[in-house]
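Secondary and tertiary structure notes
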Amino acid sequence: TARLGTGTANSTTFLRGDSTYAAAGGNANGILKEVAYDEVANISANSSVTWSSGNTVTFVKEEASADSIIVYSWNGYLGHQDNRGSYIDWRMGYTPAGGSITYTDTRSLDWYSKHADSNDTRLYFPMCYQIVIATLAAGSHTFVMQCLHGGGTDNNSELNTDTHHNILIREVLI
């Protein structure tokens, strides 16, 4: 007789590819865990050489890196004040439990909005920045968004979230 793995088959377990039975979890979309952080933050780009301190959130991953991925979504807007810099760069960093920080590739938005008059003009660009991380083991991890500016003087470019925006982290089964 052929043996179909170790463990007990019943209505609450399934046979995994490694020939073991495990409890069924997640939902139809494969989302194991989802946390929305209602962060109200203004991450100012005060330098063209030093990254901002950003806002940090912590997420506890349940599964091993081979079993799930993290999908990090930052929902907010880019803000720019007239006569302040010519571009903004942003990146996300994540620190695994007991490890050191890893940064994603830097993204950038170029703008030039200087006006001859002294009126203060603010520009806002909605943004949803999403990154997939497939290398994190189970445990508590921290995530941070950062920005810096380039060009201009007295810069006030920024990443903003408010009561209508959030940081959403999902653990998705693979």
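Below is a summary of the structure that appears in this document. (Residues numbered from 1 in each chain as written. Predicted model: local features only at pLDDT ≥ 70, side-chain atom pairs only at ≥ 80, totals over all residues. Heavy atoms only, no water.)

We now examine the overall build of the chain. A tally of helices and strands in the chain yields zero helices and 13 strands. When the helices and strands of the chain are read in sequence order from the N terminus, they spell out β-β-β-β-β-β-β-β-β-β-β-β-β. The buried share of the chain, reckoned over its 174 residues, is 39%. A fraction of 78% describes how many contacts in the chain between residues 6 or more apart in sequence connect residues 24 or more apart. Of the roughly 9400 Å² of accessible surface on the chain, a fraction of 49% belongs to carbon and sulfur atoms. (Helix = DSSP H or I, 4+ residues; strand = E, 2+ residues; numbered from the N terminus. Buried < 20%, exposed > 50% of the residue type's maximum accessible area, 1.4 Å probe, protein only. Contact = heavy atoms within 4.5 Å. Areas by Shrake-Rupley, 256 points an atom, 1.4 Å probe, with all protein chains shown as cover.)

On to the side chain of Thr104. Position of Thr104 among the secondary structure elements: in the loop between β8 (102-103) and β9 (107-110). A polar atom in the side chain of Thr104 sits 2.9 Å from the side chain of Tyr129. Those residues in contact with Thr104 that sit more than four places away from it in its chain are Arg91, Met92, Tyr129 and Ile131. (Polar contact = N/O pair within 3.5 Å; in protein donor to acceptor, adjacent residues only side chain to side chain.)

In the structure shown here, the tally under the stated rule is two salt bridges. The partner of Lys33 in a salt bridge is Glu62, and the shortest N-O contact between them spans 3.1 Å. Separated by 29 residues along the polypeptide, Lys33 in strand β3 (residues 31-37) and Glu62 in the loop between β5 (55-61) and β6 (68-81) bring together distant segments of the chain. With a relative accessible area of 22%, Lys33 lands in the partly exposed category. When the shortest N-O distance is used, the salt bridge between Arg170 and Glu34 registers 2.4 Å. Of the two residues, Arg170 is situated in strand β13 (residues 167-173) and Glu34 in strand β3; the sequence distance between them amounts to 136 residues. When its relative accessible area of 25% is taken as the criterion, Arg170 is described as partly exposed. (Salt bridge = Lys/Arg side-chain N within 4 Å of Asp/Glu carboxyl O.)

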